[in-house]
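# Working through the structure, step by step
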Amino acid sequence: MSGLVDLPADDLQDPFGEEVHIKRKSNATFIDSDTDDSNLARDLKDSLVLDENKDLNVSSVIESDTAAEEEDRRKRNSSFVEQPLPPEIEETFGRKYSHEDSSHPNWVKHKKHVFALSLAGKPIYSRYGDEQNLAPFMGALTAMVSFVQVMDDNLRYVVAGAHRFAFLVRGSIILVSVSRTDEPTAQITSQLNYIYSQIISILTAGVNQIFSRKPNFDLRSLLGGADRFIDSLNTLMDHDFSFLLNSIHCLKLPPQTRASIAQVLQQAQHTDLLYSIMIAGHQLINLVRPKKYVLQPADLHLVINFVHASTALRNGNENWTPLCLPKFNDTGFLHAYVCFIAPDVCLLLLSTKQECFFELSSCKGMITQGLNVKGAGSLGPNFSLMDDILKAYENPDYSVSELGVPGLLHFVYRSKGTLQYTCPRFETPYNTSKEQKRLYRMYQRVHRRTHGLKLAHKVYYQVSQLETFLGWVTAGFELFAVFGPLDTKSMCIKGCNDILKWIKNEENSIMIINSPVW
Amino acid sequence: MSKVDVKVVLLGKHSVGKTCLVERFLRGKFKENTVATVGAAFGAKKMDVNGREVTIGVWDTAGQDRYESMSRIYYRSAKAALVCYDLTDLQSFEKVKLWVDELQQNEEECAIYIVGTKSDGVDVGALPRRDMQEYAKQINGFMFDTSAKSGDGIEEIFQHIAEAHVNKEQAPSDKSGRINPGEGRRTKSGGCCGGSAE
């Protein structure tokens, strides 16, 4: 009854958890720790296995360079570990785990580390711990990257026991993830790509020019206070399907309401206005764009993350800030007028001009006026479009039971044409964040099975102890559905067809089918 | 375009308390644990000068270095600039000089207010600030001490700006309504007399 169907061998967990493989761009090269001539692999085996009871100790890899530094660091931190920081001091650091470093017993326990550093090895960002104190560790990461680069190749990932070190070099920035979350490497790499985009979104690709002039530049001086954008992105990427599917999630609204909102946005037009975007929570309400310039989902994800990571934008004032959308143009800034028009409803007006704040401010005036006209909404003569939005936001998406598909527990549907996706809200048995995360990880794996370079299945069916997964990828859509563990294959297939029928009916309320332009 | 009579911009190193100062002025509130401003935030408030209504538009800018190259957008054609430093960290005054230089180069007509923040955290009278007062005199700037926590000194600055605006407007020779920092020079230091920002 239970058992994994169709599990390709190359992604299987190493049962011994001790062997170290370095996988490089050219698949031919594997450095195995058992071969005698591979010193690096042996060193890695000694140093990179991150058992919870073992300290992370990478000093042996770059022994000659940082032995003194390492010693110094140990001395500095030995007293630190013995005397944990009082909570009030921890607060002043601002970030939750910023007092940790690679010698801290808790630091190695985090499930997913993310680092960014310059090619010269200067720390830029660490998800946990203070990046400055992690300088020796980052030095080790740089050494690994350059060791492989010397051989005219790129280091992609290293597997060390349960941990996976994934590497990505973009421009002058090295991004590394060290995780034991069992996520497919391709997806981790895509997440690292997002983090690079987030850095570019704050500073533009001009950072690479800075580095080419001054390889030793400390980027943190420019990124000050931007940690929280990357932190929030990291959290989002662990549970938000937008990133996995590279698609947009729309707020479910009556079709007429969405069309009326589009009209309100379109009427508040201005020659300098490029994009008008309205979001509620992390979901898109509507978006007006120039005919020629589609807003890429990846850029929209960064916009949404930007709005949510910064509570400063919820100050009740109008905000005017530079923002780079890397897919749109990574060399320059757009200027964003950002205003929360209701507690969780945000209006963004993006322009290429830096001097049109007051023009956009009056556009916003027109928009809020249009949204608050009584009788324009679907709820009755005393209700406005804004009431529709607030009602939809209060109770977002829909219940899986609305579909009436027997056995269906959850699903995610992605339309390839519109690059949007839809899914029901999480309900029992996925009502705890732990279960939601487990489900998300399962989706990630099923997604990988249908999108791998070598083994991309059109239909993928997997039965496990708790549920049955069905992945179905066609030219027009992708559907991932979860049924009970006892549901038969034919039942699941019929269920999937029913989901498609339901989506066809509801398409206009769960997605933006006609993207408004000006 | 806008209904703002006087454009005021706040400049200064990050974390000196610009946002708290603005929050106190606009809403009469003090928020602890303010997070770093993104870009700049705009807010407006009406003030009363002898029965005349003056709308003050305030640009609260982010203090992070990465925004410096873009700050011109925010201070362009401002009539008054509040260049802030932290009284509990006099090192932050270094940045004041950079801002003042930049303002004097690009916005000659902008009145400069050198504003010490967090005056509730120190004994203001005991601070070694002779050089700073000299400096303020030298650049024809006004010097104020404020506390967003207690509200001390904040209303006074904006009242001063609004009054200067009205005086200028009433002077027939200059219809632009700009404050000329050379006139009515006043260097004020030490604690302000506890005006609350109601």
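Everything numeric here is computed off the predicted structure, so don't read it as measured data.

A count of helices and strands for chain A gives 16 helices and 18 strands. Counting across all 518 residues of chain A, residues that qualify as buried make up 55%. Contacts spanning at least 24 positions in sequence make up 61% of the contacts within chain A whose residues lie at least 6 apart. Here chain A displays about 22400 Å² of accessible surface, and carbon together with sulfur accounts for 52% of that area.

Glancing now at the UniProt feature "domain: FUZ/MON1/HPS1 second Longin" (unreviewed entry) in chain A. When the UniProt feature table is mapped to this numbering, "domain: FUZ/MON1/HPS1 second Longin" (unreviewed entry) covers residues 272-368 of chain A. Between the C-alpha atoms that bound residues 272-368 of chain A there is a distance of 19 Å. The span itself is 30% helix and 37% strand.

Here we come to the nonpolar core. Ranked by internal contacts, the top residues of the largest apolar core, which has 63 residues, are A:I173, A:L219, A:I277, A:L284 and A:L348. For this core, the element with the most residues is helix α5 (residues 185-203) of chain A, which contributes nine residues. Mapping this core onto the domain boundaries places at least three of its residues in each of domain 1 (87-238) and domain 2 (248-394) of chain A. In contact with A:L284, not counting residues within four places along its chain, are A:I248, A:H249, A:C250, A:L251, A:R258, A:I277, A:M278, A:I279, A:L300 and A:I512. In this structure, A:A342, A:C363, B:A136 and B:I139 belong to the second largest nonpolar core, which totals 58 residues.

Residues and elements named next belong to chain B. With seven of seven residues buried, strand β1 (residues 6-12) is to be regarded as a mostly interior element. Judged by which residues are buried, β1 turns out to be covered on both faces: V6, V8, L10 and G12 on one side and K7, V9 and L11 on the other are all buried. Pairing analysis gives five bridges linking β1 to strand β3 (residues 52-61), with the strands arranged parallel. Paired with V8 across the two strands is V58, which belongs to β3.

UniProt records the feature "domain: FUZ/MON1/HPS1 first Longin" (unreviewed entry) for residues 112-233 of chain A in the present numbering. With 44% helix and 26% strand, the stretch residues 112-233 of chain A has end C-alpha atoms that lie 13 Å from each other.

What follows concerns helix α11 (residues 297-309) of chain A. Along an α-helix, a turn takes 3.6 residues, which lines up residues three or four apart on a common side. Under the 1.5 Å per step criterion, the end-to-end length of α11(A) is 18 Å for 13 residues, consistent within 8% with the ideal 18 Å. The buried fraction of α11(A) is high, at 13 of 13 residues.

As a further point, take the sheet that holds strand β12 (residues 334-342) of chain A. The strand order β10(A)-β9(A)-β13(A)-β12(A)-β11(A)-β2(B)-β3(B)-β1(B)-β4(B)-β5(B)-β6(B) describes an open sheet built from 11 strands, whose pairing is mixed. One side of each edge strand has no neighbouring strand; the edge strands of this open sheet are β10 (283-288) of chain A together with β6 (142-145) of chain B. Taken pair by pair, the neighbouring strands of this sheet meet at an average axis angle of 25°, ignoring direction. Contacting β9 (273-280), β11 (318-323), β12 and β13 (345-351) of chain A together with β2 (40-49) and β3 of chain B, helix α13 (residues 357-371) of chain A runs over the sheet at an angle of about 30° to β12(A).

Okay, the interface of chain A and chain B next. The interface is formed by 30 residues belonging to chain A together with 22 residues belonging to chain B. In this assembly, chain A packs against chain B so that about 2100 Å² is buried in total across both faces, 61% of it on carbon and sulfur atoms. Put simply, chain A and chain B have one salt bridge between them. For the pair chain A and chain B, the number of links is eight residue pairs in polar contact (both at pLDDT 80 or more). Secondary structure elements with two or more residues in the side of chain A that touches chain B: α5, α7 (220-223), α8 (227-237), β11 and α13 of chain A. It is β11(A) that provides the largest number of residues to the side of chain A that touches chain B, a total of five residues. The residue makeup of the side of chain A that touches chain B, split by class, is 14 nonpolar, 12 polar and four charged.

Residues and elements named next belong to chain A. One pass over the full model with this rule turns up 26 salt bridges over all chains. Of the charged contacts in the structure, one is a salt bridge between R425 and E427, with a shortest N-O distance of 4.0 Å. Residue class for R425 comes out partly exposed when judged on its relative accessible area of 26%. The closest approach of N and O atoms between R438 and E467, which form a salt bridge, is 2.7 Å. Of this pair, R438 sits in helix α15 (residues 433-451) while E467 sits in the loop between β16 (459-463) and β17 (468-473), and the two are 29 residues apart along the sequence. The class for R438 is partly exposed, based on a relative accessible area of 24%. Beyond isolated ion pairs, a larger network of salt bridges with shared partners links K112, R127, E183, D238 and R441.

Turning to the packing of aromatic side chains, a few remarks are in order. All chains considered together, the criterion is met by 31 aromatic pairs over all chains. Connected via pairs of aromatic rings, a cluster forms that spans A:W320, A:Y337, A:F357, A:F358, B:F42, B:W59 and B:Y74. Sitting over the ring of B:F25, B:K45 keeps its end group 4.8 Å from the ring centre. Positioned over the ring face of B:Y135 is B:K97, at 5.8 Å from the centre of the ring.

What follows concerns the pairing of β12(A). Residue and element names in this part refer to chain A. Among the nine residues that make up β12, nine are buried, leaving the element largely enclosed by the rest of the structure. Of the pairings in the sheet, the one linking β11 to β12 comprises five bridges and is antiparallel in character. Looking at the pairing, N319 lines up with V338 of β12. Note that β12 and β13 share seven bridges and pair antiparallel. Counterpart to A342 in the pairing with β13 is V345. Between the end of β12 and the start of β13, which pair antiparallel, lie two residues.

Right, let's get into helix α10 (residues 255-267) of chain A. Across its 13 residues, α10(A) extends 18 Å between first and last C-alpha, which sits within 8% of the 18 Å expected from 1.5 Å per residue. Among the residues of α10(A), A:T257, A:R258, A:S260, A:I261, A:A262, A:V264 and A:L265 are the ones counted as buried.

A pair of packed helices is characterised by two quantities: the angle between their axes and the separation of those axes. Residue and element names in this part refer to chain A. At a minimum axis separation of 10 Å, α10 and helix α14 (residues 385-394) run at an interaxial angle of 125°. For the element pair α10 / α14, the angle class is oblique. Note that α10 runs across α14; the crossing there is left-handed. Contacts between α10 and α14 involve T257, S260, I261 and V264 from the former and L385, D388 and I389 from the latter. Residue composition of the contact of α10 with α14, by class: four nonpolar, two polar and one charged.

Turning next to the domain arrangement of chain A. Residues and elements named next belong to chain A. The domain architecture assigned to chain A consists of domain 1 (87-238), domain 2 (248-394) and domain 3 (400-510). Between the C-alpha centres of domain 2 and domain 3 the distance comes to 30 Å. Summing both partners gives a buried area of about 800 Å² for domain 2 against domain 3, and 55% of it is carried by carbon and sulfur. Area buried by domain 2 at its contact with domain 3 is led by I248, H249 and K252, which between them contribute 58% of it. At the junction of domain 2 and domain 3, the tally comes to one salt bridge.

What counts as what
Residues numbered from 1 in each chain as written. Chains lettered and ligands numbered in written order. Predicted model: local features only at pLDDT ≥ 70, side-chain atom pairs only at ≥ 80, totals over all residues. Heavy atoms only, no water. Helix = DSSP H or I, 4+ residues; strand = E, 2+ residues; numbered from the N terminus. Buried < 20%, exposed > 50% of the residue type's maximum accessible area, 1.4 Å probe, protein only. Contact = heavy atoms within 4.5 Å. Areas by Shrake-Rupley, 256 points an atom, 1.4 Å probe, with all protein chains shown as cover. UniProt positions renumbered as here; feature names shortened; annotations may be inferred. Core = buried A, V, L, I, M, F, W, Y, C linked by side-chain atoms within 4.5 Å. Domains from an automatic or database assignment. Pairing = 2+ DSSP bridges. Expected span 1.5 Å × (residues − 1). Axes fitted to C-alpha atoms, helices over the stretch in contact; angles between N-to-C directions. Buried area = accessible area lost by both parts, 1.4 Å probe. Salt bridge = Lys/Arg side-chain N within 4 Å of Asp/Glu carboxyl O. Polar contact = N/O pair within 3.5 Å; in protein donor to acceptor, adjacent residues only side chain to side chain. Nonpolar A, V, L, I, M, F, W, Y, C, P; charged D, E, K, R; others polar. Phe/Tyr/Trp six-rings, centres within 6.5 Å; stacked < 30°, edge-to-face > 60°. Lys NZ or Arg CZ within 6 Å of the ring centre and 35° of its normal. Parallel < 35°, antiparallel > 145°, perpendicular 65-115°, else oblique. Left-handed = near helix turned anticlockwise from the far one by under 90°.

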